Amino acid sequence: MAASSFNYGSDNSGLVWGFLIDPEAAAAPTAVPIGVADAVRWMAAPQPNQFIWLHFNLSNTASERWLRQHAGLADEFYATLHQGSRSTRIEIADDALIAVINDVLHGFSLDSAEISTLWAHVTPHAVISARRKPLASIERLRQDVLQGAPLRSSSELLVHLLRDQADVLVNIVRDAVARVDTIEDRLLAGRLTRQREDLGAMRRVLVRLQRLL
């Protein structure tokens, strides 16, 4: 993929990455990288038992324009992109699943509540995902796909994404517990400097995570 600061890490269509996934492929890998030209040709004549996954960067204004011209997505998907509410949910629109998923940014730190939204449109033949900032769970899913994770359908890819998000959240909880244990040890040792402020900051981050995720 062409990547430049002007295109926000995506190509001229806004595509960050694309895969053609064949669950019945005889040899690994079952996922083959594709660009937008190949994706358009494939969507014009989808092959049985295969599906594509295209991931877009909405910070590139070309993304929504390309999707409207080529992807044939449900109108409800575009409505969710522009709604003020970004509550996490999955809805049905005709033969598609539309998911709105709040996730932590790639490289998330407990020192700040860095959270953004992922939108996904899932049909039997295609998964279209889009975000404005790099997110932890979707990057983890990309790595899993590259490493040959078995995915039998497009809906299973969505399930895998939700499981990856759960794993990311588990790691955040573990980091929070470890930090609280450290603060507790310092309190017991009588080293009280800034511990109350640290606990207050952590509480604000965790409350924000709870509300959005």
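Refer to the structure above for everything that follows.
All of these numbers come straight from a predicted model, not from anything done at the bench.

Caption draft 1: Looking closely at helix H4 (residues 136-146). Within H4, the full set of buried residues consists of Ala136, Ser137, Ile138, Glu139, Leu141, Asp144 and Val145. Immediately downstream of H4, the backbone of Gly148 shows phi near 90°, a positive value.

Caption draft 2: How the structure looks around the side chain of Ser129. Within the secondary structure layout, Ser129 lies in strand S7 (residues 126-131). By relative accessible area, Ser129 is classed as buried at 2%. A polar atom in the side chain of Ser129 sits 2.6 Å from the side chain of His55. Ser129 has contacts with Trp53, Leu54, His55, Phe56, Leu118, Trp119, Ala120 and Ile138, leaving out every residue within four places of it along the chain.

Caption draft 3: Quick peek at the sheet that holds S7. On the basis of which strands lie adjacent, the open sheet formed by 7 strands has the order S2-S1-S3-S7-S6-S5-S4 and mixed pairing. Each edge of the sheet is formed by a strand with only one pairing partner; in this case those strands are strand S2 (31-33) and strand S4 (89-93). Strand after strand, the sheet turns through a mean of 20° between neighbouring axes, direction not considered. Bridge analysis of strand S1 (residues 15-21) against strand S3 (residues 51-57) gives 6 bridges, and the strand direction is antiparallel. Of the residues in S3, the one forming a bridge with Phe19 is Trp53. In the packing of helix H1 (residues 36-44) onto the sheet, the strands contacted are S1 and S3, and the crossing angle to S3 comes to about 135°. Across the sheet, H4 is in contact with S1, S2, S3, strand S5 (96-104), strand S6 (115-122) and S7; its angle to S1 comes to roughly 40°.

Caption draft 4: Expanded view of the packing of aromatic side chains. Counting across every chain of the model gives 4 aromatic pairs. The ring of Tyr78 carries the charged tip of Arg68 above its face, separated from the ring centre by 4.0 Å. Over the face of the ring belonging to Trp17 we find Arg142, whose NZ or CZ atom lies 5.2 Å from the ring centre.

What counts and how
Residues numbered from 1 in each chain as written. Predicted model: local features only at pLDDT ≥ 70, side-chain atom pairs only at ≥ 80, totals over all residues. Heavy atoms only, no water. Buried < 20%, exposed > 50% of the residue type's maximum accessible area, 1.4 Å probe, protein only. Helix = DSSP H or I, 4+ residues; strand = E, 2+ residues; numbered from the N terminus. Polar contact = N/O pair within 3.5 Å; in protein donor to acceptor, adjacent residues only side chain to side chain. Contact = heavy atoms within 4.5 Å. Pairing = 2+ DSSP bridges. Axes fitted to C-alpha atoms, helices over the stretch in contact; angles between N-to-C directions. Phe/Tyr/Trp six-rings, centres within 6.5 Å; stacked < 30°, edge-to-face > 60°. Lys NZ or Arg CZ within 6 Å of the ring centre and 35° of its normal.

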